[in-house]
Amino acid sequence: MEALTRRASLLRFGGLLVALATGGWEVRPSEGASAVACVLTPEQTEGPYYIPDERVRRNITDGHPGTPLILRLAVVDASTCRPIKGAAVDVWHADAAGVSSGFGAGAGSRTFMRGIQRTDAKGHAVFRTVYPGWYTGRTVHVHVKVHVGVRVVHTGQLYFRDALTDAVYRKAPYSKRPNRDTRNATDPIFGNGGRRSLLTVRRHGAGYTGSIVMGVRR
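The text that follows walks through the structure, step by step, so that each part is easy to find. (Residues numbered from 1 in each chain as written. Predicted model: local features only at pLDDT ≥ 70, side-chain atom pairs only at ≥ 80, totals over all residues. Heavy atoms only, no water.)

**Some words on the overall build of the chain**
Along the backbone of the chain there are one helix and ten strands. Helices and strands appear in the chain in the N-to-C order β-β-β-β-β-β-β-β-α-β-β. Counting only residues that meet the buried cut, the chain has 52% of its 218 residues in that class. Looking at the chain alone, contacts between residues at least 24 apart form 71% of all its contacts between residues at least 6 apart. (Helix = DSSP H or I, 4+ residues; strand = E, 2+ residues; numbered from the N terminus. Buried < 20%, exposed > 50% of the residue type's maximum accessible area, 1.4 Å probe, protein only. Contact = heavy atoms within 4.5 Å.)

Here it is as structure tokens:
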């Protein structure tokens, strides 16, 4: 196979993903949303529950219960495929009960399920949280913003496959709220690029790790 350089502009061939690895490029089969590496990640609405100036921290649960979830979010330059170090990745989502901090039933706190992390030299930001709950009219999702310097370079949402959500929701505390009303196929926001924002999810101890590579314009 012809060698790939760091200046390669087209990295997806026949279901293959070229991923960043120490010492050069690593070619591996594409899997879920990871296949969008070095492709501009679709923009999606910020939604009504954003709170600016969140805390810089890795654990964003504030002790709220739920199935453990580690988010491993990578940020790369969509033009050069190089990792972006020092980008501020801002996430927020509903807790297991479908409540967002700072609003409605969650108005007593402005911090649970919210936080910011700076990307490391490989472009990675990591959060410890719980699998999000659902609320009326939306499929299950995580909101994300990426800041480089003083600019917001990406606003989007991250998603889960419905079969996984069904399995998670069969257990407490999610099982206390059955009959979620919206799935990926019926969510109008997911329909506008959501398939390219699906997390690649793997088992991790008692919970899961969800990963994605987000290509942004600096």
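Additional details are given in the paragraphs that follow.
**Regarding the packing of aromatic side chains**
Under the defined criterion, the tally for this structure stands at nine aromatic pairs. Their ring planes at 80° and their centres at 5.9 Å tell us that Tyr-49 and Tyr-135 sit as a pair that is edge-to-face. Here the residue Tyr-49 occupies a position in the loop between strand S2 (24-29) and strand S3 (68-77), and Tyr-135 occupies one in the loop between strand S6 (124-130) and strand S7 (141-148), the gap between them amounting to 86 residues. Classification of Tyr-135 by relative accessible area gives buried; the value is 17%. Plain terms: the ring middles of Tyr-131 and Tyr-174 are 6.5 Å apart, the flat faces sit at 90° to each other, and that makes the pair edge-to-face. Highlighted residues: Tyr-131 in the loop between S6 and S7 and Tyr-174 in the loop between helix H1 (162-169) and strand S9 (200-204), separated in sequence by 43 residues. With respect to class, Tyr-131 is no different from Tyr-174; both count as buried. In this structure, Arg-203 is placed above the aromatic ring of Tyr-208, and the distance from its NZ or CZ to the ring centre is 4.7 Å. (Phe/Tyr/Trp six-rings, centres within 6.5 Å; stacked < 30°, edge-to-face > 60°. Lys NZ or Arg CZ within 6 Å of the ring centre and 35° of its normal.)

**With respect to the nonpolar core**
Formed by 35 residues in total, the largest nonpolar core has its most connected members in Leu-73, Val-89, Val-91, Phe-127, Tyr-131 and Phe-160. At the level of secondary structure, the elements contributing two or more residues to this core comprise S3, strand S4 (88-92), S6, S7, strand S8 (151-159), H1 and strand S10 (207-216). Once residues lying within four places of it in the same chain are set aside, the contact partners of Val-89 are Leu-73, Val-75, Gly-115, Ile-116, Gln-117, Thr-119, Ala-125, Phe-127, Val-144 and Lys-145. Counting five residues, the second largest nonpolar core, distinct from the first, contains Ala-74, Val-76, Cys-81 and Val-213. (Core = buried A, V, L, I, M, F, W, Y, C linked by side-chain atoms within 4.5 Å.)

**A few points about H1**
The set of residues buried in H1 consists of Asp-162, Leu-164, Thr-165, Val-168 and Tyr-169. Projected onto a plane normal to the axis of H1, the buried residues spread over an arc of 155° and lie on a single side. Each element contacted by the buried residues of H1 is listed here: S9 and S10. (Arc of directions from axis to C-beta.)

**Considerations on the environment of Thr-182**
If you trace the backbone, Thr-182 turns up in the loop between H1 and S9. Taking relative accessible area as the criterion, Thr-182 reaches 7% and is therefore assigned buried. A sequence separation of 44 residues divides Thr-182 from Arg-138, and the C-alpha atoms of the two residues are 5.5 Å apart. Setting aside anything within four residues of it in sequence, one finds Thr-182 in contact with Gly-137, Arg-138, Thr-139 and Asp-187.

**Considerations on the sheet that holds S9**
Sheets are built from strands paired through backbone hydrogen bonds, the pairs being either parallel or antiparallel. Taken together, the four strands give an open sheet; going across it, the order is S6-S3-S10-S9, and neighbouring strands pair in mixed fashion. Strand pairing shows two members of the sheet lacking a second neighbour, S6 and S9, which therefore form its edges. Direction aside, neighbouring strands of the sheet carry axes that sit 20° apart on average. (Pairing = 2+ DSSP bridges. Axes fitted to C-alpha atoms, helices over the stretch in contact; angles between N-to-C directions.)

**What to know about the pairing of S9**
Where S9 meets S10, five bridges bridge the pair, whose relative direction is antiparallel. Bridge pairing in S10 places Val-201 opposite Gly-210. Counting the residues that bridge the hairpin from S9 to S10 gives two residues, and of these Gly-205 lies at a positive phi of roughly 60°.

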